[in-house]
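In case you want the letters, here they are:
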Amino acid sequence: RQEQYLKLRDVPSVTKDGVEVTLQLNAGLLVDLPHLGETGAAGVGLFRTELQFMIAERMPTATEQQSLYSAVFAAAGDLPITFRTLDIGGDKVLPYMQAVEEENPALGWRAIRIGLDRPGLLRAQIRALLKAAGERPLKIMFPMVATCDEFFRAKELVQRERNHLSRHGHAHPSDLKLGVMLEVPSLLFQLKEICASADFVSVGSNDLMQFLFAIDRENRRVADRFDPLSAPMLRALSLVAEQANASNCLATVCGEIGGRPLEAMALIGLGFRSLSMSPASIGPVKAMLLALDAEKVGAFIREELEHAGGGDSLRPKLARFAETH
Ligand code: PEP
Ligand code: MG
């Protein structure tokens, strides 16, 4: 199997009916970067910057952050990288940061909320990213955004850092793209505004599932209670793909569902043309999409979604479609 997938490394990821789907990697440490060459992935679609913070014994300095990002750029060569700003809090605790006692950490003070309340931390990270990028293109996205306003504030902060660096004679990224992670359901009702103001959106399906169904993703008793291939989740994802495509805003899925062939098939059917996943998933997902007719699966899933009742899972039907096509 592994060898078969290796053979697909340089095969363009295009469906049978000619639809190009960009497959990228999720990464978080420098040791993940060699997977780019091994898998033939088109870039890093999600670089989880919090990993450097989680394995450190104290807060990484601005210089340490910058040197990691520079090394990541160097290792990626010409391939694009999407850096996600610090996603801490919730299940991602930094041992050296004063613990905040919260009843519901997943719904608490975390990710962009910390970034906006403690702008010093976010600013230092943004500056490190801008400096590491130099003149290279740079993509930054923000985790756990719940309102457009939070994104506007984050954008403003980036702009200020950029101006500051320019004034001091530093190089500019030739192309700076700012995106939003779609993980909080409230954004589903601000899609038009978000897609008009963000350069891209990236669905964090792990958290979106958690918040859409109110199931703790770390709690085995409930985590698998609902299926990402159920009508409510697929309808939510369909709204994202539709609005993003209509606004010419790139939509990626970087949560775990993008790396499972059947789920990836459904996502392509819903209109997603970019997926980011763990390195081991690239081969199986590419093998699936090379055999896929995107148009057909799109028509099938739209028809099924129209008639699905309640919280029905479409998994059996999608599996049958996959077998017979
Ligand atoms: C997600 O929530 O789907 C995601 C990609 O982010 P993380 O798993 O790091 O929370
Ligand atoms: Mg998440």
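Since this is a predicted model, take the numbers as computed values, not measurements. (Residues numbered from 1 in each chain as written. Chains lettered and ligands numbered in written order. Predicted model: local features only at pLDDT ≥ 70, side-chain atom pairs only at ≥ 80, totals over all residues.)

Before we go on, may I ask you to explain the overall build of the protein chain in this structure?
Of regular secondary structure, the protein chain possesses 15 helices and eight strands. On C-alpha atoms alone, the protein chain measures out to a radius of gyration of 20 Å, which is about the 20 Å that the 2.2 N^0.38 rule sets for 325 residues. Looking at the protein chain residue by residue over its 325 residues, the buried ones come to 40%. Taking contacts inside the protein chain between residues at least 6 apart in sequence as the whole, the part at least 24 apart equals 71%. (Helix = DSSP H or I, 4+ residues; strand = E, 2+ residues; numbered from the N terminus. Rg over C-alpha atoms; globule rule 2.2 N^0.38 Å. Buried ≥ 20, exposed ≤ 12 C-beta atoms within 10 Å, placed from the backbone. Contact = placed C-beta atoms within 7 Å.)

Would you explain the site of ligand 1 in this entry?
Every residue near ligand 1 is listed here: L46, R48, D87, E183, G204, S205, N206, D207, C254 and G255. Mapped by element, the contributors of at least two residues to the shell around ligand 1 are strand 2 (44–48) and helix 9 (205–213). Among the elements that take part in the shell around ligand 1, helix 9 stands out by supplying three residues, more than any other. Taken together, the residues of the shell around ligand 1 break down into two nonpolar, four polar and four charged. (Near = placed C-beta within 6 Å. Nonpolar A, V, L, I, M, F, W, Y, C, P; charged D, E, K, R; others polar.)

Can you walk me through unusual backbone geometry in this structure?
Positive phi is not limited to glycine here, since M144 has a value of about 60 degrees. Structurally, the position occupied by M144 is in the loop between strand 4 (138–142) and helix 7 (148–167). Here N248, not a glycine, exhibits a phi torsion of approximately 60 degrees, which is positive. Take N248: it is sitting in the loop between helix 11 (231–246) and strand 7 (250–253).

Would you take a moment to explain the pairing of strand 7 for this structure?
Each regular strand shows side chains that alternate between the opposite faces of the sheet. The alternating pattern of strand 7 places L250 and T252 and A251 and V253 on opposite faces, both of which are buried. Here strand 6 (residues 200–203) pairs with strand 7 via four bridges, running parallel. Each residue of the ladder has a partner; that of V203, found in strand 7, is V253. (Pairing = 2+ DSSP bridges.)

What is the right way to read helix 4 (residues 62–76) from this model?
One turn of an α-helix holds 3.6 residues; hence residues three or four places apart share an orientation. Taking 1.5 Å of rise per residue, the 15 residues of helix 4 would be expected to cover 21 Å, and the 21 Å separating its terminal C-alpha atoms lies within 8% of that figure. Restricting attention to buried positions, one finds in helix 4 the residues Q65, Q66, Y69 and V72. With its buried residues spanning 120 degrees around the axis, helix 4 presents them on a single face. Seen from the buried face of helix 4, the exposed residues on the opposite side, beyond 90 degrees, are T63 and A74. Where the residues of helix 4 are buried, they touch strand 2, helix 3 (50–55), strand 3 (81–84) and helix 6 (119–133). Positive phi shows up at G77, right after helix 4, with a value of about 60 degrees. (Expected span 1.5 Å × (residues − 1). Arc of directions from axis to C-beta.)

How should I be thinking about the packing of helix 12 (residues 261–270) against helix 13 (residues 279–290) in this particular structure?
What describes two packed helices is the angle between their axes and the distance between those same axes. Between helix 12 and helix 13, whose axes approach to 9 Å, the crossing angle comes to 50 degrees. Between helix 12 and helix 13, the interaxial angle falls into the category oblique. With respect to the hand of their crossing, helix 12 and helix 13 are arranged in right-handed fashion. Contacts between helix 12 and helix 13 pair P261, A264, M265 and I268 from the former with P284, V285, M288 and L289 from the latter. The class makeup of the residues in the contact of helix 12 with helix 13 is eight nonpolar, no polar and no charged. (Axes fitted to C-alpha atoms, helices over the stretch in contact; angles between N-to-C directions. Parallel < 35°, antiparallel > 145°, perpendicular 65-115°, else oblique. Left-handed = near helix turned anticlockwise from the far one by under 90°.)

Just to check I follow, could you spell out the nonpolar core for this structure?
One broad trend across soluble globular proteins is that nonpolar side chains are buried collectively. L129, V180, V201 and I268 are the most contacted members of the largest nonpolar core, which totals 82 residues. When neighbours within four sequence positions are excluded, L129 is seen to be in contact with Y69, F83, L138 and I140. (Core = buried A, V, L, I, M, F, W, Y, C linked by C-beta atoms within 7 Å.)

When you look at the pairing of strand 8 (residues 274–277) in this model, what are you seeing that I'm missing?
Side chains S274 and S276 of strand 8 all project onto a buried face; the interleaved residues L275 and M277 project onto the opposite face, where all are buried too. As judged from the four bridges shared by strand 1 (residues 22–27) and strand 8, these two strands associate in the parallel manner. Bridge assignment links L23 to a residue of strand 8, and that residue is L275.

Honestly, the packing of helix 12 against helix 15 (residues 315–324) in this entry has me stumped. Any pointers?
Running from N to C, helix 12 and helix 15 point in directions that differ by 90 degrees, and their axes come no closer than 10 Å. Compared by their axis directions, helix 12 and helix 15 come out roughly perpendicular. Between helix 12 and helix 15, the contacting residues are L262, M265 and A266 on the first element and L318, A319 and A322 on the second. In terms of residue class, the contact of helix 12 with helix 15 is made up of six nonpolar, no polar and no charged.

Sorry if this is basic, but what is going on with helix 12 here?
Buried residues dominate helix 12, accounting for eight of its 10 residues. On the buried face of helix 12, the contacting elements are helix 11, strand 7, strand 8, helix 13, helix 14 (294–307) and helix 15. With its phi angle positive at about 115 degrees, G271 sits one or two positions after the end of helix 12.

Looking at this structure, I do not really get the environment of L318. What am I missing?
Residue placement: L318 occurs in helix 15. In this structure, the C-alpha to C-alpha distance between L318 and I301, residues 17 residues apart in sequence, is 7.9 Å.

Help me understand the environment of P228 in this model?
Along the polypeptide, P228 turns up in the loop between helix 10 (220–223) and helix 11. With 24 C-beta atoms counted inside 10 Å, the residue P228 sits in the buried group. With 20 residues separating them in the primary sequence, P228 and L208 have C-alpha atoms 9.7 Å apart. Those residues in contact with P228 that sit more than four places away from it in its chain are S205, M209, M233, I257 and E263.

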